[in-house]
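What follows is each chain in one-letter form.
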Amino acid sequence: MRRRNLLPATALLAAAAVAMTGCTTASLDDGKQAGATSNPGSAVAVPAASFDKAAADLLPADLRAKGTLTVGTDPTFSPYEFYADDSKTVVRWDADFAKALGEALGVKVQLVPATFDTILPGVSSHKFDVGISAFNVTAERQKNADFAVYQQSGSGLAVKTGNPKKLSLDPMKLCGTKVGGEKGTTQGIETLPAFSQKCVDAGKAPIDVQLFPSQDEANMALVSGRVDSVMSGLIALGYASKLSGGTFELAGDQDFEPTPVGIAMPKGSPLTPAIVAAVKGLVGSETYRQINAKYGVPQSAAVTPAAVQAGGAQ
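A quick note: this is a predicted structure, and the numbers were derived from the prediction, not measured.

K.L.:
Run through the nonpolar core, naming residues and quoting values.
P.N.:
In this structure, Leu 101, Ile 263, Ile 275 and Val 279 are the most contacted members of the largest nonpolar core, which totals 53 residues. The residues contacting Val 279, other than those within four sequence positions of it, are Phe 97, Leu 101, Ala 148, Val 149, Tyr 150, Ile 263 and Val 308. By size, the runner-up hydrophobic cluster in this structure holds 14 residues, among which are Leu 167, Phe 195, Cys 199 and Ala 251.

K.L.:
I'd like a description of the layout of surface pockets, backed by residues and values.
P.N.:
Over the atoms a probe the size of a water molecule is rolled, and this reveals where empty space is left. Taken as a whole, the largest pocket spans an internal volume of roughly 260 Å³. Every residue lining the largest pocket is counted, 16 residues in all, and those nearest its centre are Leu 120, Glu 140, Arg 141, Gly 184 and Ile 189. Residue assignment for the lining of the largest pocket shows that the elements contributing at least two residues are helix H5 (116-124), helix H6 (139-142) and helix H8 (186-201).

K.L.:
So what's going on with the pattern of salt bridges? Residues and values would help.
P.N.:
Under the counting rule described, the total for this entry stands at eight salt bridges. Among the salt bridges present, the one from Glu 140 reaches Lys 143, with a minimum N-O distance of 3.0 Å.

K.L.:
Which residues make up the packing of aromatic side chains, and what values do they have?
P.N.:
Across all of its chains, the model carries nine aromatic pairs by this definition. Seen from their ring centres, Phe 77 and Tyr 80 are 5.7 Å apart, and the 20° between their planes marks the pair as stacked. Looking at Phe 77, the relative accessible area reads 0%, which means it is buried. You can call Tyr 80 buried: its relative accessible area is 0%. With 5.2 Å between their ring centres and 20° between their planes, Trp 93 and Tyr 150 make a pair best called stacked. Of this pair, Trp 93 sits in helix H4 (residues 93-105) while Tyr 150 sits in strand S8 (residues 145-160); the two residues are 57 residues apart in sequence, bridging distant segments of the chain. Classification of Tyr 150 as buried rests on a relative accessible area of 0%. Three or more aromatic residues link up through ring pairs in this structure, and these residues are Phe 77, Tyr 80, Trp 93, Phe 97, Tyr 150 and Tyr 288.

K.L.:
An account of the confidence of the model for the protein is requested, with residue identities and associated values reported.
P.N.:
Chain-level statistics for the protein give a pLDDT mean of 85 and a share of 84% at 70 or above. This stretch, residues 3-39, has a pLDDT under 50; its non-local contacts, to residues over four places away or in other chains, come to 121 contacts. Note on residues 310-314: pLDDT is under 50 here. Beyond four places in sequence and across chains, it has 20 contacts.

K.L.:
Requested: an account of the environment of Asp 208, with residues and values cited.
P.N.:
Mapping Asp 208 onto the fold places it in strand S10 (residues 208-212). For Asp 208, a relative accessible area of 34% translates into the label partly exposed. Sequence-wise, Asp 208 and Ser 196 are twelve residues apart; in three dimensions their C-alpha atoms are separated by 8.0 Å. Once residues lying within four places of it in the same chain are set aside, the contact partners of Asp 208 are Thr 177, Lys 178 and Val 179.

Rules and cut-offs
Every chain is numbered on its own, with residues counted from 1 as its sequence reads. For this predicted model, a pLDDT threshold of at least 70 governs which residues receive local features, and a threshold of 80 or more governs which side-chain atom pairs are given and counted, while totals over whole chains, interfaces and linings are taken from all residues. Hydrogens and waters are ignored; side-chain quantities use all the structure's heavy atoms. The set of buried Ala, Val, Leu, Ile, Met, Phe, Trp, Tyr and Cys residues whose side-chain atoms join them within 4.5 Å is what this entry labels a nonpolar core. A simple rule labels every residue: compare its accessible area, found with a 1.4 Å probe on the protein chains alone, to the largest value its type can have, and call it buried under 20%, exposed over 50%, or partly exposed in between. Any two residues having at least one pair of non-hydrogen atoms within 4.5 Å are treated as being in contact. Here the term cavity refers to a set of points on a 1 Å grid, laid over the protein atoms alone, in which a 1.4 Å probe fits but cannot get out; the term pocket refers to an open set having protein on both sides within 12 Å along at least five of seven lines, with lining residues being those that place an atom within 4 Å of a point. Grid points are joined across faces, edges and corners, and a volume is the space filled by probe spheres set on the points. Numbering of helices and strands runs from the N terminus, with a helix taken as a DSSP run of H or I at least four residues long and a strand as a DSSP run of E at least two residues long. What makes a salt bridge here is a side-chain nitrogen of Lys or Arg within 4 Å of a carboxyl oxygen of Asp or Glu, nothing more. Here the aromatic set is Phe, Tyr and Trp, taking the six-membered ring for Trp, and pairing holds for ring centres within 6.5 Å; pairs whose planes are under 30 degrees apart are stacked, those over 60 apart are edge-to-face, and all others are tilted. Each residue carries a pLDDT score, the predictor's confidence in it, ranging from 0 to 100.

What follows is the structure in structure tokens.
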């Protein structure tokens, strides 16, 4: 799904960004958004997760002694992670789930903002203990990381309202058009290049794939007309479109190639068993159900404890 609201470069684009995010403002200089709606659903009470002694007992001694789980995340992908009104605090789905994970394991959680394409390398180098940033679990990512699955989601396509070019997730409908995405995502690395090759194989013009440092910038490129569409996670694009003030919409509700979404850990990490055990407990809890309800995540994206082991976690 990660996959991933907006970064303006001029006063005109700033106005567009305000419309797109409901009532927020943004700054190209710091890449952050703030505003009255920076944490939609914040009034919804999510019950604290129960302490999971069996999972906590699996924590490596060094992390238990440290007492803090360091989490890498890219706060440009609402409703999963975004900045609060102070432009510093990371909030929304993944932040709430990370908090619940800490409660289950009996440790504090420190969310560390990072660009999306640097998180997995940061996990591998132990800069972060884990990465929680709506990572789709792919075969390529499993070569270097373990994953504890907590959701399932696929790709969607965002277009200008009214879909004037009649675009869809059919590769043949995207040939010769400009499609935006975020660097480091499965859409940018795998899906869009594969779509473009299908165009070439059919004797059509390739897709002009344009990748941006953040999903904010990809979405703003759509708003400003620099790209014809944007491919990202269906849930996130659907969420953003509802807050866009009619600026853009989903090109249908097709969930393209839904895959597991999970917490990333270093490959073979001694931390993996504890995280997997804690997530198994969480996805069957009322805390998990309320976090999903708070941000409008459909039931179809929820997973059962049996699915947590998928995605390379051993």
